[in-house]
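Structural characterization, general
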Amino acid sequence: MKISGDLIEFLRTKNYLREIDVELDINLEIPHIAYLEIKKAEPKVLLFNKPVDRLAGKNFDIPVLMNLFSSYKITEDFFGRTVESVANEIEKFIKLKPPTSFIGKLEFLKDIFKLKNVLPNRQSKNISDTHVRFDGHLTDLPILKTWSGDGGKFITMGQTYAHSPDGSVSNVGMYRLQVFDGKTLGMHWQIHKDTNIFFQEYKKLGIKMPVSIGIGGDPLYTWVATAPLPHGINEMLLYGFIKNYNAKLINSNSNYVPADLDIVIEGFVDPLKSRIEGPFGDHTGYYTLPEEYPILEVTNIYIKKNKPIYYATVVGKPPLEDKYMGWATERVFLPLLRTTAPDLIDYAMPENGVFHNLILGKMRVRYLGHPQQFMHTFWGVGQMSFVKNAIFVGENSPDLKDYPAITRHILNRLTYKNIMISIGTLDALDHSSPNALLGGKLGIDATSFDEVKLNKLEILTDDILLTKAINIFNSKDVQIFDLKQYFKDTQNPITIITVDKNRNSLQTKLKYFAILKAFSRIIIIVDNFGNNVNNIYMILWRVANNFDAQRDLYIEQNFYVVDGTNKLRDIDDLNREWPDDVTCDKEILLKLHKNGIIDYDMATIEKFQII
Ligand SMILES: Cc1cc2nc3c(=O)[nH]c(=O)nc-3n(C[C@H](O)[C@H](O)[C@H](O)COP(=O)(O)O)c2cc1C
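Residues numbered from 1 in each chain as written. Predicted model: local features only at pLDDT ≥ 70, side-chain atom pairs only at ≥ 80, totals over all residues. Heavy atoms only, no water.

Observations regarding helix 13 (residues 462–473)
An α-helical turn contains 3.6 residues, so a residue and the one three or four places further along point in the same direction. Across its 12 residues, helix 13 extends 16 Å between first and last C-alpha, which sits within 8% of the 16 Å expected from 1.5 Å per residue. For helix 13, the set of buried residues is Leu465, Leu466, Ala469 and Phe473. Considered in projection along helix 13, the buried side chains sweep an arc of 100° and stay on one side of the axis. Exposed and facing more than 90 degrees away from the buried side of helix 13 are Asp463 and Asn471. Contacts from the buried residues of helix 13 go to strand 25 (479–486) and strand 26 (494–500). (Helix = DSSP H or I, 4+ residues; strand = E, 2+ residues; numbered from the N terminus. Expected span 1.5 Å × (residues − 1). Buried < 20%, exposed > 50% of the residue type's maximum accessible area, 1.4 Å probe, protein only. Arc of directions from axis to C-beta. Contact = heavy atoms within 4.5 Å.)

Details of the domain arrangement of the protein
Taken domain by domain, the protein holds domain 1 (121–312) and domain 2 (321–446). A C-alpha centroid distance of 30 Å is found between domain 1 and domain 2. Across the boundary between the two partners, domain 1 contributes 18 residues, which contact 18 residues of domain 2. At the boundary of domain 1 with domain 2, total buried surface from both sides reaches about 1,600 Å², with 73% on carbon and sulfur atoms. Where domain 1 touches domain 2, the interface holds zero salt bridges. Viewed at the interface, domain 2 and domain 1 are joined by four residue pairs in polar contact (both at pLDDT 80 or more). Among the elements that take part in the side of domain 1 that touches domain 2, helix 8 (residues 219–226) stands out by supplying three residues, more than any other. (Domains from an automatic or database assignment. Buried area = accessible area lost by both parts, 1.4 Å probe. Salt bridge = Lys/Arg side-chain N within 4 Å of Asp/Glu carboxyl O. Polar contact = N/O pair within 3.5 Å; in protein donor to acceptor, adjacent residues only side chain to side chain.)

Some remarks on the nonpolar core
Ranked by internal contacts, the top residues of the largest apolar core, which has 126 residues, are Leu11, Leu65, Leu185, Trp223 and Ile265. Taken together, domain 1 (121–312) and domain 2 (321–446) each give at least three residues to this core, which thus spans both. Among residues more than four places away in sequence, those in contact with leucine 185 are Leu138, Ile155, Leu177, Gln178, Val179, Phe180, Ile213, Ile265, Pro294, Ile295 and Leu296. Counting 29 residues, the second-largest nonpolar core is a separate cluster that includes Leu358, Ile522, Ala549 and Tyr560. (Core = buried A, V, L, I, M, F, W, Y, C linked by side-chain atoms within 4.5 Å.)

Observations concerning the pairing of strand 29 (residues 560–563)
Residues Tyr560 and Val562 point to one face of strand 29 and Val561 and Asp563 to the other, with burial holding for every one of them. As paired strands, strand 27 (residues 522–527) and strand 29 are joined by four bridges and run parallel to one another. For isoleucine 522, the partnering residue across the bridge sits in strand 29 and is tyrosine 560. Note: strand 28 (residues 553–555) against strand 29, three bridges, orientation antiparallel. Considered in strand 29, the bridge of isoleucine 555 is made with tyrosine 560. Once strand 28 ends, the chain turns through four residues before running back antiparallel as strand 29, passing glutamine 557 with a positive phi of about 50°. (Pairing = 2+ DSSP bridges.)

Considering the packing of aromatic side chains
The description of two aromatic rings rests on the distance between their centres and on the angle between their planes. Scanning the entire structure with this criterion turns up 18 aromatic pairs. Where phenylalanine 93 meets phenylalanine 241, the ring centres are 5.9 Å apart and the plane angle is 70°; that geometry is what we call edge-to-face. Here the residue phenylalanine 93 occupies a position in helix 4 (residues 83–94), and phenylalanine 241 occupies one in helix 9 (residues 235–243), the gap between them amounting to 148 residues. Of the two residues, phenylalanine 93 and phenylalanine 241, neither departs from the other in class, the shared state being buried. Centroid distance phenylalanine 378 to phenylalanine 392: 5.3 Å. Interplanar angle 75°. Geometry classified as edge-to-face. Of this pair, phenylalanine 378 sits in helix 11 (residues 370–378) while phenylalanine 392 sits in strand 22 (residues 389–393), and the two are 14 residues apart along the sequence. (Phe/Tyr/Trp six-rings, centres within 6.5 Å; stacked < 30°, edge-to-face > 60°.)

Looking at the sheet that holds strand 26
Ordered by their spatial adjacency, five strands build an open sheet running 25-26-27-29-28, and the pairing between neighbours is mixed. The open sheet is flanked by strand 25 and strand 28, the only strands paired with a single partner. Taken pair by pair, the neighbouring strands of this sheet meet at an average axis angle of 20°, ignoring direction. Alignment of strand 26 against strand 27, held across six bridges, turns out to be parallel. Across the sheet, residue isoleucine 497 finds its bridge partner in strand 27, namely isoleucine 525. (Axes fitted to C-alpha atoms, helices over the stretch in contact; angles between N-to-C directions.)

Description of the layout of surface pockets
Rolled over the atoms, a probe as big as a water molecule pinpoints where empty space is left. Volume-wise, the second largest pocket comes out at about 990 Å³. Lining the second largest pocket we find 34 residues, and of these Leu358, Ile391, Thr407, Ile494 and Leu540 sit closest to its centre. Where the lining of the second largest pocket is concerned, the elements lending two or more residues are strand 21 (358–363), strand 22, helix 12 (403–411), strand 24 (438–446), strand 26, strand 27, helix 14 (536–546) and strand 29. Here the residues of the lining of the second largest pocket sort into 29 nonpolar, four polar and one charged. (1 Å grid on protein atoms, 1.4 Å probe; cavity = no way out; pocket = protein on both sides within 12 Å on 5 of 7 lines; lining within 4 Å. Points joined across faces, edges and corners; volume = space filled by probe spheres on them. Nonpolar A, V, L, I, M, F, W, Y, C, P; charged D, E, K, R; others polar.)

A word on the pattern of salt bridges
Under the definition given, this model contains 37 salt bridges. Between arginine 18 and glutamate 37 there is a salt bridge, with the nearest N and O atoms lying 3.8 Å from each other. Of this pair, arginine 18 sits in strand 1 (residues 17–25) while glutamate 37 sits in helix 2 (residues 29–37); the two residues are 19 residues apart in sequence, bridging distant segments of the chain. Residue class for arginine 18 comes out partly exposed when judged on its relative accessible area of 26%. According to the relative accessible area criterion, glutamate 37 is buried, its value standing at 4%. Among the salt bridges present, the one from aspartate 140 reaches lysine 58, with a minimum N-O distance of 3.0 Å.

Quick word on the site of the ligand
Taken together, 20 residues lie around the ligand, and Met174, Tyr175, Arg176, His188 and Gln383 are the ones closest in. In this structure, glutamate 235 approaches the ligand through a side-chain N or O atom, which is 3.2 Å from an oxygen atom. Here an oxygen atom of the ligand and a side-chain polar atom of glutamine 383 are 2.8 Å apart. Coverage of the ligand by the protein amounts to 92% of the 630 Å² it exposes when considered alone. The set of elements that each furnish at least two residues to the shell around the ligand consists of strand 9 (170–174) and helix 8. When its residues are assigned to classes, the shell around the ligand shows eight nonpolar, eight polar and four charged. (Near = heavy atom within 4 Å. Areas by Shrake-Rupley, 256 points an atom, 1.4 Å probe, with all protein chains shown as cover.)

Below is the structure:
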């Protein structure tokens, strides 16, 4: 299916949209509403028709559209077909062999001809031919301040179009963009990203880099901008491949951008100028700390002639829109991953595993060391190299998305002999490792066909084990609050314990927990503040965020202690600040509830640790 014409009309017809006609503030109110909505079982796309900035005393004519990628179904509507069909087609082209039969030849020709639609259609038009100049500055656009701790307002669904100095390579990437003032944006392209490669080339040449930021248009532009394609492959080719029609591009500031964008911001990045960017409440659900980034000096802003709309997203604690965007990436990139790891059957990145922080892979094991080879492969390929913790299972394992079944399967195969700890590159957003960008990697080989047989444990009730633990640790300067055991029927039962670290490093004390090894095999420690042992979804999120395999894992044969607590600078082998996690402003939520805009529902608030 092709989404033609008016996106809003499409969303209305499909009953995907909730339109809100009350005046709502771009400072926290609108993002808080979207944040709660996307956590519902059947979230709606939200259109805020009357955004205002109460602090600045402004009303905006441009509406704000949020939660566009609010389900698997709508994501596939934007693809115009199933995500699986895209993956299958990619796989087919990768494996393409010359046909032998006549029918085979016809099919082959059909497939090849389809590829002509992949190349973008670069039209001779200019942005000023298709769009009108916006009568205002960045501060006159309804750009949101998402979290109270954010360093300001940020464009969160901006497509950054740029090209190499010689014009031979172009790229679109999605990076957040901080509004410093009416004419300056912070360019948060992280060190590993494609646009940063261009930027370094401009820097070497000492010339300014022309950049165009696109907002809106076909929602698939936004998704392709997030796709981790290798440097040198323009994302617009992927767009054409998925849609089976060429992206129509026009000239903007010497970049080619889609002709149907709602808003286009043009400007130049001077390699000699930078500013402190952030903090910003991020995908991890934690703030990323302020850091130096280049800036864009804005020269022009253009808007669509007819009803421009400002698209935005909220990133924070899961589940959010990036769950559905990430799912599509995971599916589409499976055949591409198989080109370097042919025996990969499937993989999954659970949304509460904080994307690259936890990956599950299912593989066909053909020789000794094959799972370890896969670990190194993953840690070595493109953005997959950000993976912190990788667990591989064999062909006989349950569906990777059946989390209880796959966890049980892994726990019944885990032995200390099949654990590999390494060090490698990390996502710039990671806050757990002692230093930025480099940290611990954990690989678990749970591919064995047979279950392990370990010594029997004495399984106690949670209450009895808690009393025992409190008594033992009273003298050890670690205060224990609560405890819950999971997967007691497996070879490696897990016990979650909440503690108060008492501002002394827990690191040196991890080994004390070995006192509990007669009762449990995996002890996971988290802070008492902000964690609930009964909320396993958020416990996984917390531990995936905070755990660095080099520092936070104590192993004594088949007994493991995992430290998922927040770390303290200089005390816990941490050479930088530890950020806070993001929370909504309670007063604002209560006000929105009173005005009938949201439901202040305690169960949801606790389930997703919203305040
Ligand atoms: C909602 C959202 C926000 C993102 N923000 C950033 C960001 O601020 N900086 C960044 O480098 N990557 C960010 N990313 C990830 C990039 O979009 C992704 O890594 C993409 O592949 C980068 O494109 P590139 O490889 O062409 O540079 C974000 C992704 C999403 C879904």
